[in-house]
Amino acid sequence: MKKLVMIICLFLMGIGCNAQSTEVTFHKTHEPKKEGAPFSDAVQVGNLYFLSGQVGMDHTARKLVEGGIKNETKQTLENIKAVLNHHSLTMNDVVKCTVILADINDFSAFNEIYKTYFPQKPARTTFAAKGLAVGASIEIECIAVKK
């Protein structure tokens, strides 16, 4: 699975970046409480934006939202929307998502919320894994293209 994601990322980098614009920019977070995090919310390569995984954390309270997979999915997608907005991007600019569920049985409930945020249907990989950060039920990372 990791090899497949890596191949897709390399392919997108190859077709998405023009030859003059291959500079890599590690953007600072828009959230002051995350300034000490050991990763960037977004890394820009040319016109591609690689967003770090987001979970259903309410960033004002710094805790996961309550209410199950649907509420966590909505908060996760709102967090992605906030990062995109910080870089003058929208959900319509997303071309690829990787979704990690703590329980694959949550797939239908997650998908019900997800499809309301992405009517353009970006490419997507979804799988389940144990032990997501902060006990989350879902984590989503994205690739967006600035037009």
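For the structure given in this document, a descriptive report is provided here. (Residues numbered from 1 in each chain as written. Predicted model: local features only at pLDDT ≥ 70, side-chain atom pairs only at ≥ 80, totals over all residues. Heavy atoms only, no water.)

### Notes on the pattern of salt bridges
The following threshold applies: A pair is scored as a salt bridge if a Lys or Arg side-chain nitrogen falls within 4 Å of a carboxyl oxygen belonging to Asp or Glu. We count a stretch as a helix when DSSP gives it H or I for four or more residues in a row; a strand needs E for two or more, and each element gets its number in order from the N terminus. Summary of the burial criterion: residues with accessible area below 20% of their type's maximum are buried, those above 50% are exposed, and those between are partly exposed, where the area comes from a 1.4 Å probe applied to protein chains only.
Per the stated rule, a full pass over the model turns up 3 salt bridges. Of the charged contacts in the structure, one is a salt bridge between Glu78 and Lys81, with a shortest N-O distance of 3.6 Å. Of this pair, Glu78 and Lys81 are both found in helix H2 (residues 69-86), 3 residues apart, which corresponds to roughly one turn of the helix. Residue class for Glu78 comes out partly exposed when judged on its relative accessible area of 29%. On the basis of relative accessible area, Lys81 is assigned to the partly exposed category, the value being 37%.

### Things to note about the packing of H2 against helix H3 (residues 107-117)
Note the threshold: Between N-to-C directions, angles span 0 to 180 degrees; the directions come from axes that are lines fitted to C-alpha atoms, helices contributing only their stretch in contact. Comment on the angle field: the value is read as roughly parallel under 35 degrees, roughly antiparallel over 145, roughly perpendicular from 65 to 115, and oblique elsewhere. In this scheme the crossing of two helices becomes right-handed for a clockwise turn of the near helix relative to the far one and left-handed for an anticlockwise turn of less than a right angle. Here, two residues are considered to be in contact whenever any of their heavy atoms come within 4.5 Å of each other. Classes in brief: Ala, Val, Leu, Ile, Met, Phe, Trp, Tyr, Cys and Pro nonpolar; Asp, Glu, Lys and Arg charged; the others, Gly included, polar.
Relative orientation of the contacting elements H2 and H3 amounts to 30°, with a least axis distance of 8 Å. For the element pair H2 / H3, the angle class is roughly parallel. As for how H2 packs across H3, the hand of that crossing is right-handed. Contact residues: H2 offers Ile69, Lys70, Thr73, Lys74, Leu77, Glu78 and Lys81, while H3 offers Ala109, Phe110, Glu112, Ile113, Tyr114 and Tyr117. Its residues placed into classes, the contact of H2 with H3 shows 7 nonpolar, 1 polar and 5 charged.

### Looking at the nonpolar core
Where we set the bar: Nonpolar cores are built from buried Ala, Val, Leu, Ile, Met, Phe, Trp, Tyr and Cys residues. Side-chain atoms within 4.5 Å join them into one set.
In this structure, Leu51, Leu77, Ile80, Leu84, Phe118 and Ile140 are the most contacted members of the largest nonpolar core, which totals 23 residues. The set of elements that each furnish at least two residues to this core consists of strand S3 (48-55), H2, strand S6 (94-101), H3 and strand S8 (138-145). Excluding anything up to four places from it in sequence, Leu77 contacts Met91, Ile113, Tyr114, Tyr117, Phe118 and Ile140. Core analysis: the second largest hydrophobic core is formed by 6 residues, Val55, Leu64, Ile100 and Ala136 among them.

### Quick look at H3
The condition is simple: Arc definition: directions from the helix axis to the C-beta atoms.
Among the residues making up H3, those that are buried are Phe110, Ile113, Tyr114 and Tyr117. Buried residues along H3 cover an arc of 105° about the axis, so they all sit on one side. Of the exposed residues in H3, those oriented more than 90 degrees away from the buried face are Ser108, Lys115 and Thr116. Residues of H3 that are buried in the fold lie against H2, S6, strand S7 (123-128) and S8.

### Observations regarding unusual backbone geometry
Leaving glycine out, the prevailing phi sign among residues is negative, and the prevailing peptide bond configuration is trans. A positive phi is found at Arg62, a non-glycine position, where the angle reads about 60°. The topology assignment puts Arg62 in the loop between strand S4 (57-58) and strand S5 (63-64). In this model, Ser88 sits at a positive phi of 60°, which is unusual for a non-glycine residue. Tracing the sequence through the fold places Ser88 in the loop between H2 and S6. Under the relative-accessibility criterion, Ser88 is labelled exposed at 61%.

### Brief notes about the pairing of S6
Formally: Whether two strands pair comes down to DSSP finding at least two bridges between them. Every crossover in which the path from the first strand over the helix to the second runs clockwise, viewed with the strands pointing away from the viewer, is termed right-handed.
For S6, the tally of buried residues reaches 7 of 8 residues, placing the bulk of the element in the interior. Sheet topology places S6 next to S7; 6 bridges connect them, and they run parallel. Looking at S7, one finds that Lys96 is bridged to Ala123. In this fold, the crossover linking S6 to S7 by way of H3 has right-handed handedness.

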